[in-house]
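A look at the structure
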Amino acid sequence: MTLAPTATGVTARFELDQPTNAVTFVADPTLVRPAWKLVTPGLSFADGRISGEIAFDRFELALTPDPSEIDRTYLSVIRMDQGFAVYGPALSLSEGATSLEFEVPEGFVALAPTDPTQGYSYLGPATAVTLVGGANFVAGANVPPWLGERIRASLTATLPFYTAQLGTPPLTPLVLVSVDSPGPTAFRGDVSGGGVVSLRFHGEKWAKADPEAGRSVDRFVAHEGFHLWNGQGYRPLDGETAPWLHEGAAEYASMLAYLAVSGGEDNEAAMRLKLGSHLRKCLKATKGRSLPVAGEAIQKGGAVYDCGVVLQWVADLEERSRSGKQRSVLSLWRDVFAATKNGYGVADFQAAAKNPAWNELLSTNATVDPWKELLATLTALGVELVNRPEPGDYRGALLHHLLSQHCEPGQATGFFTEHDHVRLDTGARCGPLSGDPELVAVEGYPFLSDARGGFEAAQRVCASNGQLSLQKRDGSPSLWVPCTKVLVIPKVWSVNDAPRLALPVSSTPR
Ligand SMILES: [Zn+2]
């Protein structure tokens, strides 16, 4: 197969070893081919299959850039200013091996991983290519200078940090920067086969330098940089069932790399806040269950990172404490990579970490409360956790407490928070709370301006099996709603203090 860039995309010309009536592109949930057109007359292209009435031995496709980013998939074609990045695996046919060649006009280059069918290849102007810290770095002329500089500086600082901690990267990186991402996300990135790091930016926000965007770039580069080792160089075997392991590791490592490079007490404090936020969100996503019992709830979206980071954090604190600060979670990863050349799984990491809190978190027994153990471990390792619910947490806890007592089990219910009232979503399913009432106060305490006062008043009523009065927005008589179960203060943990995360600059990993 030969790839050749055009003004609008890339032409892919396939030549087959022998005539056939149909060929099929490899099917894989991480592959999408949304903007491909069959050029060859007399054939048809549907559902990843090219077919014809009469046998054919060649065909041509016109590939244009994908119209949208899709969660956890690789774009098949990315615009990079005047050039394009093409994802090799999307072009592989199910019938035998596909080999890839490139045909570029004068002034253009093709840069590809050793096996171009494994990752992204770049086809575009040679002027976009430079060498940065041992990596081939590609950024088109439309990448704002500050952004290109920031990414370069980030790579130059981060890759040596990881190399010192983890050993030489198993792959020579090829870094592709595009500001032509179709969105909707402001930035997305991935590392694909052969060590290709793709960083894609979308929208006006990247046009001019600002400190916040700069910090996002540093963290983003540090996250994707770690995947050169963990993800591509060494493959996760449980990537589908436990994406929190390699994603959590990359996100947590990016925090360590960021602190090693940028340092400072402000950054330490910012990372503590971030850890607290990951902990809260993970507890919410798992609803206090172990990871296998929580199942799908932590296999997608933000929970992958939230829970993943928390697990890496406790493993890190444990390892530092055990080794008298001689080792860290990165030492554990170095051991895992050395021990598992053909890929690693959750069990391999735990074999290295031997972390008791992890045993509970990985338990398939639904009756244990693994988070109690985890919080106790964090506390024992020097983390000061304080329960600090916000008004919204009190409001939510009270309303859900009432809904759970009066709604038919298994029915979806909830509430909407408006600027001066809450509106329950109850239909005819919730006894005295039915009819989607609009409520302004509980026991005289406004839901919006004194959620905590209302919560505490309700606690007293519920403790004595009383009836709560809920004041309605339209001034009609209050709803009287029985409450017979103890109302417990919601657990919303904040990290008040924690051991320093930054690794000592002089640390030589063991
Ligand atoms: Zn990642």
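Residues numbered from 1 in each chain as written. Predicted model: local features only at pLDDT ≥ 70, side-chain atom pairs only at ≥ 80, totals over all residues. Heavy atoms only, no water.

Let us look at the overall build of the protein chain. Of the regular secondary structure elements, the protein chain holds twelve helices and 23 strands. By its C-alpha atoms, the protein chain is 80 × 60 × 45 Å across when sized along the principal axes. Taken across its 510 residues, the protein chain has 51% of its residues classed as buried. Partitioning the intrachain contacts of the protein chain with sequence separation of at least 6 by distance along the chain shows that 65% fall at a separation of at least 24. For the protein chain, the accessible area works out to roughly 22700 Å², and carbon and sulfur atoms hold 52% of it. Between the averaged position of the 44 positive side-chain charges in the protein chain and that of its 55 negative side-chain charges there is a distance of 6 Å. (Helix = DSSP H or I, 4+ residues; strand = E, 2+ residues; numbered from the N terminus. Buried < 20%, exposed > 50% of the residue type's maximum accessible area, 1.4 Å probe, protein only. Contact = heavy atoms within 4.5 Å. Areas by Shrake-Rupley, 256 points an atom, 1.4 Å probe, with all protein chains shown as cover. Lys, Arg positive; Asp, Glu negative; His and termini not counted. Charge placed at Lys NZ, Arg CZ, Asp CG, Glu CD.)

So, about the state of the cysteines. What the rule picks out here adds up to three disulfides. In this model Cys407 forms its disulfide with Cys430; the gap between the sulfur atoms is 2.0 Å. One disulfide, between Cys407 and Cys430, carries an S-S torsion of 105 degrees and so falls in the right-handed class. Here Cys407, found in the loop between helix H11 (391–406) and strand S17 (414–417), pairs with Cys430, found in the loop between strand S18 (422–425) and strand S19 (438–442); they are 23 residues apart in sequence, far enough to count as distant. According to the relative accessible area criterion, Cys407 is buried, its value standing at 12%. With its sulfur 2.1 Å from that of its partner, Cys462 forms a disulfide with Cys483. Residues Cys462 and Cys483 are joined through a disulfide that is right-handed, its torsion about the S-S bond being 105 degrees. One end of the pair, Cys462, is in helix H12 (residues 451–463); the other, Cys483, is in the loop between strand S22 (479–482) and strand S23 (493–497), with 21 residues separating them in the sequence. Cys483 matches Cys462 in its accessibility class, with the two residues each being buried. Shown here for the protein chain is a disulfide pattern of 1-2, 3-4, 5-6, where each number marks a bonded cysteine counted in sequence order. (Disulfide = S-S within 2.5 Å.)

All of the protein donors around the zinc ion are His223 (NE2), His227 (NE2) and Glu247 (OE); their distances to the metal are 2.0 to 2.1 Å. Under the relative-accessibility criterion, His223 is labelled buried at 8%. (Donors = N, O, S within 2.8 Å, 3.2 Å for Na, K, Ca; no water.)

To continue, consider the domain arrangement of the protein chain. Reports of interface size often rely on the accessible area that becomes lost once the parts have come together. The domain boundaries assigned to the protein chain delineate domain 1 (243–382) and domain 2 (391–482). For domain 1 versus domain 2, the separation of C-alpha centres amounts to 37 Å. (Domains from an automatic or database assignment.)

With that settled, consider the environment of Ala351. For Ala351, the location among the structural elements is in helix H8 (residues 346–353). Separated by 31 residues in sequence, Ala351 and Arg320 have C-alpha atoms that sit 17 Å apart.

Turning to the packing of aromatic side chains, a few remarks are in order. Counted by the stated rule, this structure contains 23 aromatic pairs. On the numbers, 4.6 Å between centres and 10 degrees between planes, the contact of Phe14 with Phe59 is stacked. Within this pair, whereas Phe14 is found in strand S2 (residues 10–24), its partner Phe59 is found in strand S5 (residues 49–63), the two being separated by 45 residues in sequence. Comparing Phe14 with Phe59, the two get one shared label, buried. (Phe/Tyr/Trp six-rings, centres within 6.5 Å; stacked < 30°, edge-to-face > 60°.)

Before going further, it helps to spend a moment on the nonpolar core. Ile151, Trp244, Trp313, Trp333 and Phe349 are the most contacted members of the largest nonpolar core, which totals 86 residues. No other element matches helix H3 (residues 243–262), which puts eleven residues into this core. In this structure Phe349 touches Leu245, Gln312, Ala315, Val329, Leu332, Trp333, Val336 and Trp358, once residues within four positions along its chain are discounted. By size, the runner-up hydrophobic cluster in this structure holds 38 residues, among which are Met1, Val23, Tyr74 and Tyr120. (Core = buried A, V, L, I, M, F, W, Y, C linked by side-chain atoms within 4.5 Å.)

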